[in-house]
Amino acid sequence: MADRKPLISGNWKMHHNHFEAIQMVQSLSYQLNADDYSHCDISVHPPFTDLRSIQTVLESDNIPILLGAQHCHEQEKGAYTGEVSTGMLEKLNVKLVIVGHSERREIFNETNSQINAKAKAIFKHHMTPILCVGETLDERDAGIAKDKVKIQLDEGLQGIGKDRVGSMVIAYEPIWAIGTGATATPEDAQEMCAHVRDCIRQISGKATAEMVRVQYGGSVKPVNIAELMSQDDIDGALVGGAALEAESFARIAQYRLQ
Ligand code: 13P
């Protein structure tokens, strides 16, 4: 297996105001140690209103947790009320930006071509996209889960050079497993994450496919992380509910100790 450093990411969605966010990150940092950071990268993705506060905590206390965002707009600036540009995120020392989360696709109607433009805007400002893909339960039942993911990758990665694709993170998140408690079995998650890597091989070649980090997301908890992470093609996790609380997120990041 290629030497890919695992990445454990907490997507807080629309939870935690900036006071709660500061407390959470401080408490998380007390529970993590140098061994944890050397073994895996750890990122938190708070709401926009928390980013500046969390940046200050991480930098003033030298905490090596990576700061992430959940969303961005693809344009540099302009009349886009309510939106935030990648240039603004870069100035906050944001390192990773989630794009194409199924909630953005389904609730806010984001398309693959918009997601592709966002990924390019993220690279332009020297950050790393975490591109989310995944199927609905109906698509899984209809046997088209792999086709859906392939289209999301083909269109989402269009025009992005090999080196950049290799540096990306792809999060496979089956929609039916998000927030439902119904985790994919480790075997199903492995099969789909291997499929993601195979799609990347077809798009950008074998070497790039070996470099890209593939996360699994969907009801990841302290009790199921170790088995998921033991799969060959799973290089990390994108965690929702269980990342809101410091102790459970720390236990997920410390999965190797189980
Ligand atoms: P849950 O871990 O709450 O299922 O959420 C997963 C997710 O959507 C992370 O982006």
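Going by the structure above, here's the rest.
These numbers were taken from a predicted model, which means no experiment stands behind them.

Further remarks concern unusual backbone geometry. Here Asn93, not a glycine, exhibits a phi torsion of approximately 65°, which is positive. Inspection of the secondary structure puts Asn93 in the loop between α4 (86-91) and β4 (96-99). Classification of Asn93 as partly exposed rests on a relative accessible area of 32%. Non-glycine residue Ser219 carries a positive phi angle of around 55°. Position of Ser219 among the secondary structure elements: in the loop between β7 (213-217) and α12 (225-229).

Our focus in this paragraph is the site of the ligand. Around the ligand lies a shell of 13 residues, among which Lys13, His101, Gly179, Ser219 and Gly241 are the nearest. Within the contact set of the ligand, an oxygen atom lies 2.6 Å away from a backbone nitrogen or oxygen of Gly179. Alone, the ligand offers 310 Å² of accessible surface; in the complex the protein occludes 97% of this. In the shell around the ligand, the residues fall into four nonpolar, seven polar and two charged.

The rules behind these values
Residues numbered from 1 in each chain as written. Predicted model: local features only at pLDDT ≥ 70, side-chain atom pairs only at ≥ 80, totals over all residues. Heavy atoms only, no water. Helix = DSSP H or I, 4+ residues; strand = E, 2+ residues; numbered from the N terminus. Buried < 20%, exposed > 50% of the residue type's maximum accessible area, 1.4 Å probe, protein only. Near = heavy atom within 4 Å. Polar contact = N/O pair within 3.5 Å; in protein donor to acceptor, adjacent residues only side chain to side chain. Areas by Shrake-Rupley, 256 points an atom, 1.4 Å probe, with all protein chains shown as cover. Nonpolar A, V, L, I, M, F, W, Y, C, P; charged D, E, K, R; others polar.

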